[in-house]
Amino acid sequence: MRSYAAVDLGASSGRVMVGHVGPDRLELAEAHRFPNRPVRLPEGLRWDILALYGGVLDGLRAAGRVDSVGIDSWAVDYGLLDADGALLGNPVHYRDARTEGVAEKVWATVPAAELYAATGLQYAPFNTLYQLAAARDSARLAHAKRLLLVPDLISYWLTGLQGTELTNASTTQLVDPTTRDWSYGVAERLGIDLGLFAPLRQPGDSAGVLRDEVLAETGLAGPIAVTAVGSHDTASAVTAVPAGGERFAYICTGTWSLAGLELDAPVLTEESRAANFTNELGLDGTVRYLRNIMGLWLLQECVREWGSPDLAALLSAAAEAQPLRSVVDAGDAAFLAPGRMPARIAEACRATGQPVPDSPAGFTRCILDSLALAHRRAVADAMRLADRPVDVVHVVGGGARNALLCQLTADACGLPVVAGPAEAAALGNVLVQARAHGLVGDRAAMRRLLARTQPLTRYEPRGDTAVGRAAEARSGGR
């Protein structure tokens, strides 16, 4: 039996989880959870990265003796360091407005079709490539000697060593998914200095050991290894999909819904680009072929504006609300920024001639119906574009706890949904560490261990439901 600390940083909170791994045993316990509160400064929206690092240290102190530490977080955002390794200001939040209109300027140099063929990444206005283009003339970038993505920045502060973990690097739109190396041609044409990035690391590589100062501050006794994991939280979450031999799709649910397939090679066709599918890299040479959907961010923002009502009661009322009374596009960039979410959903309903929800339960049902239909479209499109049939949909992440969303997704997809584990990113993080230390085998062995040890719930599609019928009608019977 060994213990591993999984530092899992999400867009609204961070946590340090402790995984215990042994023969036919996988347990996860929360050591410490802390808020992630972005700050709006005069220059824009920023992450409070020092508060996050303080939360990590508090979490390691609460975790106690562990054999290794792994770090995962959201993607695309980064910190800049000067020649002395000091941080040049708080990282910019991906929801900041600085990238508005930047993509079109990039495409004037590297057309969108060429960019997709080279990097396989979907268009999202906040991709690291566009962030760097937006910062091109900034004093901060001019003084930077190193760029570290968020989990790599935390790892550097813990160990003193710098690296760029591959699964997260693949979200920058600067990596070739075929060679699994930097896309040197794209960077050269756009004037991006790849020398800013630290050397690439693979999940399972050593990232160093905790510095003496960190050991002193956390009360831990060294040496304690830091292990590179799938540092993009979705890469860790997909690692923790408890699939057997069946053909599966996955939906990683939380602030975002990431819906797609695990493939052996990227899909770089023009049709794939037009459908806005991304080819991000996963464990063991796999490709996470998926579409980004706005996810439970829509509900999180509404709940925040409503004063944080009781969520269980809200979902119970939503289950009784009229289905499909109003549906919005859950991938619309109009919902990207924080604030006024109920008003923006109402505006979208009015613009499409639909009734505006008249209660929190009505808004909640609108959001969940919209997400279920978006999940169906993503799974169906992924199957078609990759020519890969699917027998079951695995829902992992925080949304696996939302029974109504899982049932509506099963109804919409017309496929069984297996929900769980909810803490998929942390479990995937722990399993990669355990494998690096020889405790578990390949991905199939990891998934068998997950299926034996984690609570899972199966939802069968109800073909006669309104959501199922509407999904079939909207798909034209496809």
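Here, the structure is the one placed above.
### Let's talk about the sheet that holds strand S15 (residues 248–253)
Overall, mixed pairing links the 7 strands, which are arranged S17-S18-S16-S15-S19-S20-S21 in an open sheet. Two strands lie at the open edges of the sheet, namely strand S17 (278–281) and strand S21 (457–459), each paired on one side alone. Strand-to-strand, the axes of this sheet are offset by a mean angle of 30 degrees, without reference to chain direction. Inspection of the sheet shows S15 paired to strand S19 (residues 392–397) by 6 bridges, in the parallel sense. Of the residues in S19, the one forming a bridge with Ala249 is Val393.

### Remarks on unusual backbone geometry
A cis amide bond, omega -5 degrees, links Gly222 with the succeeding residue Pro223. Relative to the helices and strands, Pro223 resides in the loop between helix H9 (212–218) and strand S14 (225–227). The residue after Gly420, namely Pro421, is reached through a cis peptide bond having omega 0 degrees. Residue placement: Pro421 occurs in the loop between strand S20 (417–419) and helix H17 (424–436). Of note in the backbone geometry, Arg180 takes a positive phi value of approximately 60 degrees without being a glycine. Within the element layout of this structure, Arg180 appears in the loop between strand S10 (175–176) and strand S11 (181–182). Located in the positive-phi region is Asn276, a residue other than glycine, with phi close to 60 degrees. Note on placement: Asn276 falls in the loop between helix H11 (270–274) and S17.

### Observations concerning the nonpolar core
In this structure, Ile154, Leu158, Leu174, Tyr289 and Ile345 are the most contacted members of the largest nonpolar core, which totals 162 residues. Looking at this core element by element, the count peaks at 13 residues for helix H15 (residues 360–386). When residues no more than four places from it in sequence are discounted, the contact partners of Leu158 are Tyr53, Leu57, Leu60, Ile71, Val209, Leu210, Arg211 and Val214.

### Things to note about the packing of aromatic side chains
Working definition: an aromatic ring pair is given by the centre-to-centre distance plus the angle between the planes. Scanning the entire structure with this criterion turns up 11 aromatic pairs. Between Tyr94 and Trp256 the ring centres are 6.3 Å apart and the planes differ by 45 degrees, which places this aromatic pair in the tilted class. Here Tyr94, found in the loop between strand S7 (78–81) and helix H2 (102–109), pairs with Trp256, found in the loop between S15 and strand S16 (257–263); they are 162 residues apart in sequence, far enough to count as distant. Residue Tyr94 shares its accessibility class with Trp256, and that shared class is buried. An aromatic cluster of three or more residues is present, and its members are Trp47, Trp74, Tyr94, Phe126 and Trp256.

What counts and what doesn't
Residues numbered from 1 in each chain as written. Predicted model: local features only at pLDDT ≥ 70, side-chain atom pairs only at ≥ 80, totals over all residues. Heavy atoms only, no water. Pairing = 2+ DSSP bridges. Helix = DSSP H or I, 4+ residues; strand = E, 2+ residues; numbered from the N terminus. Axes fitted to C-alpha atoms, helices over the stretch in contact; angles between N-to-C directions. Core = buried A, V, L, I, M, F, W, Y, C linked by side-chain atoms within 4.5 Å. Buried < 20%, exposed > 50% of the residue type's maximum accessible area, 1.4 Å probe, protein only. Contact = heavy atoms within 4.5 Å. Phe/Tyr/Trp six-rings, centres within 6.5 Å; stacked < 30°, edge-to-face > 60°.

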